[in-house]
Each structure stands twice: as structure tokens, then as C-alpha cells.
Amino acid sequence: MTSAPVAPSVPLPDGRRIPQLGYGLFLVDPDVAYETTLQALKAGYRHLDAATRYENEEAVGAALRDSGIPREEVFVTTKLWTDRHEDVRGALEESLTRLGLDEVDLYLTHWAAPSQGLYVQAWRGIIAAREDGLTRSIGVCNHPLPQLREIIAATDVVPSVHQIELHPYFQQKELRAVHAELGIVTESWGPLGQGKQGLLEDPVLVRIAEARGATPAQVALAWQRAHGLVTFPKSVTPSRIVENLASLQIQLTADEVAQIDGLDRPDGRGGSDPADR
Ligand code: NAD
């Protein structure tokens, strides 16, 4: 095999950088997360997208240690679950213990959960956690626009990152335009459509993939990178872990990007609506 491709990184507004492609850990069973994370790191991934809710932080931390890769070379994210919006420091300290780390690279509110009404408090806690040196960068996931604006107005602190559902069938153009105005880096979850809606059988993706001797998943990931987005596909299948990383070798043309841009659908959301939680 040729040497592993290295993901390019993009700048965060706080002066740090984040690799554009990582390994996602949602629904990776704690019993297999050690092996798959180790495999991902050995394959060349240098960005891990974890969360307390995924219940696999211990396995992720162990794989990171056992990989022998210097800590500084891997960008580690974890997330605050909705039951701890009032105790961010305690929740993050527990995550760090499970991960076996002194600090993470990025800590995110997992859902705004507007019905709970504690997202501003959660954001204040995350800001304090950065001041206390428990995380280097900070951001949020799944904040509807009114809640995103509210946390910024309440604290004068703009998240470095907003992680949202984003794939060719659900392109979030409005939110991306707001992020561009505010200098927020967009992270895409579910970049392969979570295996739903037949995204990877879409004729446009299939046609571009066939023409390039690539797979539709690789084309979907190359499209994310072409837009400057950060993403972290999930797979527990060794060949797909490698396949997804190899998407870094594909540079789509402007015409191919435009064809995929045309796949956006008003009903393309596959996961739950952050406004409804
Ligand atoms: P995804 O779009 O990465 O899809 C994963 C599924 O796609 C796999 O289960 C597998 O069935 C399939 N797949 C993977 N590689 C493939 C390939 N090469 N060819 C064909 N099929 C393939 O969905 P995801 O895991 O939900 O999202 C990615 C990551 O985003 C997660 O693991 C997690 O880290 C993050 N995430 C965050 C949130 C959030 O609320 N913040 C929500 C969901 C996911």
C-alpha cells in the first residue's frame, strides 16, 4: 500500500487548526471501539470525534495511548450530554478521566435542547472549561439559529465550531452562510447520510464515482472537503475505514461539486431536528 494520506487542516478562529477528516465514533460499540480506533489511527486518521453519550471514551483513550502516536498529533473532540448542562466542569473532568487525558482539543455542547432551556448555562460552562485549561477549543453542536445567536449575545464568545447534520441531501446552506459571517468552522455529522435515504446509491454520486474509479462514499467525503467542511465518517469495517481516508486523494472539479450541490433537498434531514429536543 502507498503511504497513508494526510488530512489537510483548516484554521479555527481561536488560532488553532483542525484536520478536515476524522474518525467518527457514534454507535461504535464500546467492545469494538478500541480495535476500530486503533485501526483508524494506524491507517492515518489524526482526528477522533468522540462523545460522552457514545459510551466509548475509555476505549478511545486506550487506543490513543496504545497507538504510540504522540498526543499532540491527534485532535480529540468530546461532547457534553444534555443531562449535564448545569455541571459542565464535572462532566468534562469525568470525560477526561475516561479518556486518560489532561485536556481535549475540542469540547462541544452535544444538543442545545431548547425545551430544557439550559444551553446558555452550558455554553458559559464550556467557556470556563477552556479558561481552566480542560479544553483547547470550544464549540457547539445542533444549535438552531436562534439559540446559536443567543449564546453568542449572552457571552460575547463565538463558538470556534458548530457541528451539524450535513450531507449532499441536507446541505444547510443558510446556517453555513451564518457561520461564514461569524467565522465559525462548520463540522458535518452524518456525512454519508448515516446509511439512510439511499444517499450512497444516488445516481449523481455513483456516476462521478464510476468515472473516477472511486466509491460514492469517497465522492461524498471529497465534496465536504471541497467546501472547506470538517467531517468524520463512521465505520467499524476495516476496509471502509481505509476507504474513507483514501477519499483525501480525490479532488473534485468545480463542475462535479456543482452537480452534488444540486442534490440538496428540503426534506433531506435524516436525524432529529435540534429545535424539537
Ligand atoms: P455516517 O454518515 O458517517 O454514516 C455511517 C454509516 O455509513 C455506517 O454505519 C455505515 O453503515 C456506512 N458507511 C461508512 N463508510 C462507508 C463506506 N465507505 N461505504 C458504504 N457505507 C459506509 O453517520 P454517523 O456515524 O452518524 O456520522 C459520523 C460521525 O458524526 C459520528 O460517528 C459522530 O462522530 C458524529 N455525529 C455527531 C452527532 C451529533 O449530534 N453531534 C450526530 C451523529 C453523528
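These numbers were taken from a predicted model, which means no experiment stands behind them.

Some thoughts on the overall build of the chain
A tally of regular secondary structure across the chain gives 10 helices and 10 strands. On C-alpha atoms alone, the chain measures out to a radius of gyration of 18 Å, which is about the 19 Å that the 2.2 N^0.38 rule sets for 277 residues. Dimensions along the principal axes, computed over C-alpha positions, put the chain at roughly 50 × 40 × 30 Å. Relative to its full complement of 277 residues, the chain shows a buried share of 57%.

A short note on the site of the ligand
In the neighbourhood of the ligand, 25 residues make up the surrounding shell, with D49, N142, L192, Q194 and N244 lying closest. Between the ligand and K234, the relevant distance is 3.0 Å, taken from an oxygen atom to a main-chain nitrogen or oxygen of the residue. Contact with the protein chains hides 88% of the accessible area of the ligand, taken as 830 Å² for the molecule alone. Among the elements that take part in the shell around the ligand, helix α9 (residues 238–245) stands out by supplying three residues, more than any other. Its residues placed into classes, the shell around the ligand shows 12 nonpolar, nine polar and four charged.

Quick notes on the packing of aromatic side chains
Following the criterion strictly, the structure yields three aromatic pairs and no others. Measuring from ring centre to ring centre gives 5.8 Å for Y23 and Y45, while their planes differ by 65°; the resulting arrangement is edge-to-face. Of the two residues, Y23 is situated in strand β3 (residues 23–24) and Y45 in the loop between α1 (30–43) and β4 (47–49); the sequence distance between them amounts to 22 residues. A residue is classified by how much of its surface remains accessible, and Y23, at 1% relative accessible area, is buried.

Remarks on the sheet that holds strand β5 (residues 75–80)
The strand order across the open sheet formed by eight strands is β3-β4-β5-β6-β7-β8-β9-β10, and the pairing between neighbours is parallel. Of all strands in the sheet, those with a lone pairing partner are β3 and β10 (230–231), marking the two edges. Here strand β8 (residues 161–165) pairs with strand β9 (residues 185–189) via five bridges, running parallel. By the bridge assignment, Q163 is partnered in β9 with E187.

Some details on the pattern of salt bridges
Considering all chains together, one arrives at 14 salt bridges under this definition. Measuring nitrogen to oxygen at the nearest pair gives 2.8 Å for the salt bridge that ties D49 to K79. Here K79 lies in strand β5 and D49 lies in strand β4, a separation of 30 residues in the sequence. Across the salt bridge formed by R136 and E72, the nearest N and O atoms sit 3.1 Å from each other. Taken together, the residues R136 in strand β7 (residues 135–141) and E72 in the loop between α2 (57–67) and β5 connect sequence positions 64 residues apart. Beyond isolated ion pairs, a larger network of salt bridges with shared partners links R16, R71, E72, E103, D105 and R136.

A closer look at the nonpolar core
Ranked by size, the top nonpolar core spans 73 residues in total, and within it L25, L252 and I260 carry the most contacts. Looking at which element gives the most residues to this core, the answer is helix α4 (residues 119–131), with seven residues.

Description of the packing of helix α7 (residues 203–212) against helix α8 (residues 216–226)
When two helices pack together, you describe them by how their axes are tilted relative to each other and by the distance separating the axes. One can describe the packing of α7 onto α8 by two numbers: an axis separation of 8 Å at closest approach and a directional angle of 100°. As the angle between them shows, α7 and α8 are arranged roughly perpendicular. Contacts between α7 and α8 involve L205, V206, I208 and A209 on the former and, on the latter, P216, V219 and A220.

Focus: the side chain of Q224
Checked against the element boundaries, Q224 lands in helix α8. The class of Q224 is buried, set by a relative accessible area of 0%. Side-chain polar atoms of Q224 contact the side chain of S188, separated by 2.6 Å.

Comments concerning the packing of helix α5 (residues 145–155) against helix α6 (residues 173–182)
It is the contact of α5 with α6, at a shortest axis distance of 11 Å, that shows an interaxial angle of 15°. The angle between α5 and α6 falls in the class roughly parallel. The hand of the α5/α6 crossing is right-handed. In contact with L145, L148, R149 and I152 of α5, α6 contributes E174, L175, V178, H179 and L182. Residues of the contact of α5 with α6, tallied by class, amount to six nonpolar, one polar and two charged.

About the criteria used
Residues numbered from 1 in each chain as written. Predicted model: local features only at pLDDT ≥ 70, side-chain atom pairs only at ≥ 80, totals over all residues. Heavy atoms only, no water. Helix = DSSP H or I, 4+ residues; strand = E, 2+ residues; numbered from the N terminus. Rg over C-alpha atoms; globule rule 2.2 N^0.38 Å. Buried < 20%, exposed > 50% of the residue type's maximum accessible area, 1.4 Å probe, protein only. Near = heavy atom within 4 Å. Polar contact = N/O pair within 3.5 Å; in protein donor to acceptor, adjacent residues only side chain to side chain. Areas by Shrake-Rupley, 256 points an atom, 1.4 Å probe, with all protein chains shown as cover. Nonpolar A, V, L, I, M, F, W, Y, C, P; charged D, E, K, R; others polar. Phe/Tyr/Trp six-rings, centres within 6.5 Å; stacked < 30°, edge-to-face > 60°. Pairing = 2+ DSSP bridges. Salt bridge = Lys/Arg side-chain N within 4 Å of Asp/Glu carboxyl O. Core = buried A, V, L, I, M, F, W, Y, C linked by side-chain atoms within 4.5 Å. Axes fitted to C-alpha atoms, helices over the stretch in contact; angles between N-to-C directions. Parallel < 35°, antiparallel > 145°, perpendicular 65-115°, else oblique. Contact = heavy atoms within 4.5 Å. Left-handed = near helix turned anticlockwise from the far one by under 90°.

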